[in-house]
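One-letter residues, chain by chain:
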Amino acid sequence: MSVQVSYKKQFTFFFMLFCILLIIIEIYLQVIPVNYDCKFTSHTIFDKFSQTEKNLMCKEYSTIIYDQSTPIKLLNPQQGEYVNINSDGFRGASLDFKSDSYKIFILGGSTLFGHVSSSDETTIPALLEKKFQVLKLDIKIINAGIPYSTTIDERYYIEHHILDYDPDLIIMYDGWNDIWHINETKSNVSYEELSLNNAVLNNQQHTKSILYKISREVFYLFESINYKTGLGVTHILHDILEPNILGNTSNSPNYNLEISNENLLKFENNMITNWSEVCKLGELNGFQTVNIIQPILGTSNKNLNIDDPLESNYLKNIDMEQISSASSCDNIVDLRDVFNGINEEQIYFDKGHMSDLGNEIIAEKLFELISPMLLEK
């Protein structure tokens, strides 16, 4: 009997010791400075910034938090020197509309959101709004970009969030993410099924692996409560059990994406379907639409070689005639070659994210495209 009591006491003692140890580790991880490692800070296009400025920029881009409880990832509010997300979940200052302001919402992934623009004011939407301010027109342009979003995410975002703001024009800036996430759940299910899932399930690899599903759910649970000890342990276990399915998608392989006619057809059909449904929403709700096929590294006048991103092969091989004829949209614009003749070392710091100069060139092109539409009004 005494032996059994002793075992219980020992178990209780070691359990309490273990809990105290976890608390100490968590407090330490929450308090100590975190060293954020961003590859972009070493690129020459950021040479004008001091190391302190680059470290702060790196931290702000690395600590963006998402709400994963809805079918798509939504941005949580954030304030900083370089990255600000307002209470409505859009990048930039708080919304300030007059009743008769002309409202343009631009949707896309991280390239549209501005990862990593040097400020909120050097993203594509902000630079475009400045061009209309010169004309003294009351046009508000909202950066509704969300990193990792695809056309089906944007379709949901428009229908369930953007419509509440009574938009006059919606621009969708797409291509790269629809390719990059081609093997995830959201690219392989119907819109109705996506609407029933949460963002964790929709943004995971399209697989039946129980281990995968459980580990993703645990990871995002720990992420949502900022439990650093749990995140670290989850990463360690996952590296042992099933590598490369947790964590930041932008730093992980895109699930062994290969060039295939099947993937190209899926990519084209996804864009056609989702763009078409948004254009139909526009007809029903009184807003215009413009759909942009974006540039990435390798889509301009540069011969592809072994170092070129795989995704550019898809963008270069899409059938523009098929997309235009099969969709319900009138304004489909091809910007894949917008950087022809420009030194790409000044534009990209990775496969598709652009410098402020790249954002400026895109903003100028968008201004040329949509200003005639708006001036008519």
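Keep in mind that what you see is a predicted model, and the values were worked out from it rather than measured.

*Asks:* Help me understand the state of the cysteines in this model?
*Replies:* Throughout this description, disulfide means a covalent bond between two cysteine sulfur atoms. Inspection of the entire model under this criterion finds 2 disulfides. Each disulfide pairs two cysteine sulfurs, and for Cys 38 the partner residue is Cys 58, the sulfurs being separated by 2.1 Å. Since a negative S-S torsion denotes a left-handed disulfide, the Cys 38-Cys 58 link at about 85° is right-handed. Of the two residues, Cys 38 is situated in the loop between helix 1 (2-31) and helix 2 (51-62) and Cys 58 in helix 2; the sequence distance between them amounts to 20 residues. Residues Cys 38 and Cys 58 agree in their burial class; the two are buried. Described in terms of the sequence order of its bonded cysteines, the disulfide pattern of the protein chain is 1-2, 3-4.

*Asks:* So what exactly am I meant to see when it comes to unusual backbone geometry here?
*Replies:* Excluding glycine, residues mostly have negative phi values, and the peptide bonds linking residues are mostly trans. The linkage connecting His 115 with the following residue, Val 116, adopts the cis geometry, with an omega of 5°. Tracing the sequence through the fold places Val 116 in the loop between helix 3 (110-113) and helix 4 (124-134). In the Ramachandran plot, Lys 136 falls in the positive-phi region, its phi being about 55° despite a non-glycine side chain.

*Asks:* Even after reading the chapter, I still don't get the confidence of the model for the protein chain, so can you show me in this structure?
*Replies:* Note: predicted coordinates in regions of low pLDDT should not be interpreted at a detailed level. The predicted model of the protein chain averages 86 in pLDDT, with 87% of residues at 70 or higher. A low-confidence stretch, residues 243-255 stays under pLDDT 50, and its non-local contacts, those more than four residues away or across chains, total 37 contacts.

*Asks:* What is the right way to look at the pairing of strand 3 (residues 102-108) in this model?
*Replies:* Here is the key point about a regular strand: its side chains alternate between the two faces of the sheet. In terms of burial, strand 3 is a largely internal element, 7 of the 7 residues being buried. Residue alternation in strand 3 divides its side chains into two sets, Tyr 102, Ile 104, Ile 106 and Gly 108 and Lys 103, Phe 105 and Leu 107, and both sets are buried. Here strand 3 pairs with strand 4 (residues 139-143) via 5 bridges, running parallel. Its bridge partner being in strand 4, Ile 104 is matched across the sheet by Ile 141. In terms of strand pairing, strand 3 meets strand 5 (residues 169-174) through 5 bridges, oriented parallel. Looking at strand 5, one finds that Gly 108 is bridged to Tyr 173.

*Asks:* For this particular structure, what's the right way to read the sheet that holds strand 7 (residues 332-334)?
*Replies:* The strand order 4-3-5-6-7 describes an open sheet built from 5 strands, whose pairing is parallel. Sheet topology places strand 4 and strand 7 at the edges, where each strand pairs with a single neighbour. For this sheet, the mean inter-axis angle between neighbouring strands, taken without regard to orientation, is 20°. Where strand 6 (residues 288-293) lies against strand 7, 3 bridges are found, and the strand directions are parallel.

*Asks:* Honestly, the packing of helix 5 (residues 151-160) against helix 11 (residues 261-285) in this entry has me stumped. Any pointers?
*Replies:* For any two helices packed against each other, the geometry is given by the interaxial angle and the distance between the axes. Close contact between helix 5 and helix 11 brings their axes to 9 Å; oriented N to C, the two are set at 15°. In terms of orientation, helix 5 lies roughly parallel with respect to helix 11. Here helix 5 runs over helix 11; the crossing is left-handed. Mapping the contact onto sequence places Thr 151, Ile 152, Arg 155, Ile 158 and Glu 159 in helix 5 and Asn 270, Met 271, Thr 273, Asn 274, Trp 275, Glu 277, Val 278 and Leu 281 in helix 11. Among the residues forming the contact of helix 5 with helix 11, the class breakdown is 6 nonpolar, 4 polar and 3 charged.

*Asks:* When you look at the nonpolar core in this model, what are you seeing that I'm missing?
*Replies:* It is characteristic of soluble globular proteins that their nonpolar side chains tend to be buried jointly. Grouped together as the largest cluster of nonpolar side chains are 57 residues, with contacts concentrated most on Tyr 157 and Ile 158. Here the element with the most residues in this core is helix 11; it accounts for 8 residues. Core analysis: the next-biggest nonpolar cluster, separate from the first, contains 31 residues, Leu 169, Val 290, Leu 297 and Phe 339 among them.

*Asks:* Would you mind showing me how to read the pattern of salt bridges here?
*Replies:* Close approach of charged atoms allows side chains with opposite charge to pair. Enumeration according to the criterion identifies 8 salt bridges in this entry. Note that Glu 364 and Lys 131 form a salt bridge whose closest N and O atoms lie 2.9 Å from each other. One end of the pair, Glu 364, is in helix 14 (residues 356-376); the other, Lys 131, is in helix 4, and 233 residues separate them in sequence. On the accessibility criterion, Lys 131 (15% relative accessible area) is buried. Between Asp 334 and Arg 336 there is a salt bridge, and its shortest N-O distance comes to 2.7 Å. Exposure remark for Arg 336: the relative accessible area of 13% places this residue in the buried category.

Criteria and cut-off values
- Residues numbered from 1 in each chain as written.
- Predicted model: local features only at pLDDT ≥ 70, side-chain atom pairs only at ≥ 80, totals over all residues.
- Heavy atoms only, no water.
- Disulfide = S-S within 2.5 Å.
- Helix = DSSP H or I, 4+ residues; strand = E, 2+ residues; numbered from the N terminus.
- Buried < 20%, exposed > 50% of the residue type's maximum accessible area, 1.4 Å probe, protein only.
- pLDDT = per-residue confidence, 0-100.
- Contact = heavy atoms within 4.5 Å.
- Pairing = 2+ DSSP bridges.
- Axes fitted to C-alpha atoms, helices over the stretch in contact; angles between N-to-C directions.
- Parallel < 35°, antiparallel > 145°, perpendicular 65-115°, else oblique.
- Left-handed = near helix turned anticlockwise from the far one by under 90°.
- Nonpolar A, V, L, I, M, F, W, Y, C, P; charged D, E, K, R; others polar.
- Core = buried A, V, L, I, M, F, W, Y, C linked by side-chain atoms within 4.5 Å.
- Salt bridge = Lys/Arg side-chain N within 4 Å of Asp/Glu carboxyl O.

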